[in-house]
Amino acid sequence: MKDLLAVLLIFSASIGFAQVGDVFPDMEGESLRYDTVNIPSDLNGKYSLIALAFSKKSEKDLGSWFNPLYNQFLTEPDPNALFSFEYDLNMYIVPMFTGAKRAAYKSTMRKVQETVAPELQHLVLFYKGTLKEYKKALNFDGNDVPYFYVLDPEGKIIYTTSGKYTRNKMQDIIDALEPAAK
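Okay, so let's go over this structure. (Residues numbered from 1 in each chain as written. Predicted model: local features only at pLDDT ≥ 70, side-chain atom pairs only at ≥ 80, totals over all residues. Heavy atoms only, no water.)

1. A word on the pattern of salt bridges
Line of reasoning, step 1. The full count for this structure, using the stated rule, is 4 salt bridges.
Line of reasoning, step 2. The residue Lys106 makes a salt bridge to Glu30 at a minimum N-O spacing of 3.3 Å. Taken together, the residues Lys106 in helix H3 (residues 105-115) and Glu30 in strand S1 (residues 27-31) connect sequence positions 76 residues apart.
Line of reasoning, step 3. For Lys46, the salt bridge identified is with Asp88, shortest N-O distance 3.0 Å. Of this pair, Lys46 sits in the loop between strand S2 (36-39) and strand S3 (47-53) while Asp88 is found in the loop between helix H2 (59-74) and strand S4 (89-98), placing the two residues 42 residues apart along the sequence. (Salt bridge = Lys/Arg side-chain N within 4 Å of Asp/Glu carboxyl O. Helix = DSSP H or I, 4+ residues; strand = E, 2+ residues; numbered from the N terminus.)

Shown next, in the form of structure tokens:
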């Protein structure tokens with residue numbers, strides 16, 4: 001009975017996180033600077049953090065991550081701090097315009113350009129296309145929360161989480177990105 005329970009637990013865990021160990025599916029996005037970025041081929045052999053948002057409802061949860069991500073990965077480390085690191089990584093926030101939302105792609109992009117600081121505009125990639133292949137490859141079921149993927153230098157998914165920011169989720173991301181710390 002114990003063996004059966006262990007097998008079921010392992011099986012259910014592998015279903016929930018089937019994408020860990022897989023290469024992130026090819027995705028082309030357009031930055032707020034109008035540059036085209038292809039994930040994972042343009043990641044230049046660096047660790048990467050990719051945040052995907054599929055709906056208006058996911059914006060609030062995604063917004064809860066902005067300051068923690070900025071403070072952890074994008075600011076200059078405090079030279080006086082005991083534990084302060086600089087990271088050599090790629091980070092992209094990807095709003096996905098699929099289905100009927102594709103019509104709002106350009107107008108939304110212009111609005112977002114007005115609100116994002118110029119020095120951060122290369123971090124926001126707009127995707128326009130279908131969702132089906134990403135839903136299957138990345139094994140997510142809901143559209144109303146943001147999804148976060150940590151990729152190794154080869155583009156393999158090494159960690160994933162979703163939803164609103166929590167300190168524990170952020171610590172798990174930091175731990176996964178430890179090799180990118182200088």
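Back to the write-up after that little detour.
2. Overview of the pairing of S3
Line of reasoning, step 1. The element S3 is extensively covered by neighbouring structure, given that 7 of its 7 residues are classed as buried.
Line of reasoning, step 2. Burial along S3 is two-sided: the residues Tyr47, Leu49, Ala51 and Ala53 and Ser48, Ile50 and Leu52 are all buried.
Line of reasoning, step 3. Bridge count between S3 and S4: 7 bridges; the pairing is parallel. The residue bridging Ser48 from the neighbouring strand is Asn90, located in S4.
Line of reasoning, step 4. In this structure, S3 lies alongside strand S6 (residues 147-151), joined through 5 bridges in antiparallel fashion. From the neighbouring strand, Ser48 faces S6, where its bridge partner is Leu151. (Buried < 20%, exposed > 50% of the residue type's maximum accessible area, 1.4 Å probe, protein only. Pairing = 2+ DSSP bridges.)

3. Description of the packing of H2 against helix H5 (residues 167-176)
Line of reasoning, step 1. Packing of H2 against H5 brings their axes to within 12 Å, and their N-to-C directions diverge by 35°. Seen from above, H2 lies across H5 with right-handed handedness. Contact residues: H2 offers Trp65, Pro68, Leu69, Gln72 and Phe73, while H5 offers Lys169, Met170, Ile173 and Ile174.
Line of reasoning, step 2. Grouping the amino acids of the contact of H2 with H5 by side-chain chemistry returns 7 nonpolar, 1 polar and 1 charged. (Axes fitted to C-alpha atoms, helices over the stretch in contact; angles between N-to-C directions. Left-handed = near helix turned anticlockwise from the far one by under 90°. Contact = heavy atoms within 4.5 Å. Nonpolar A, V, L, I, M, F, W, Y, C, P; charged D, E, K, R; others polar.)

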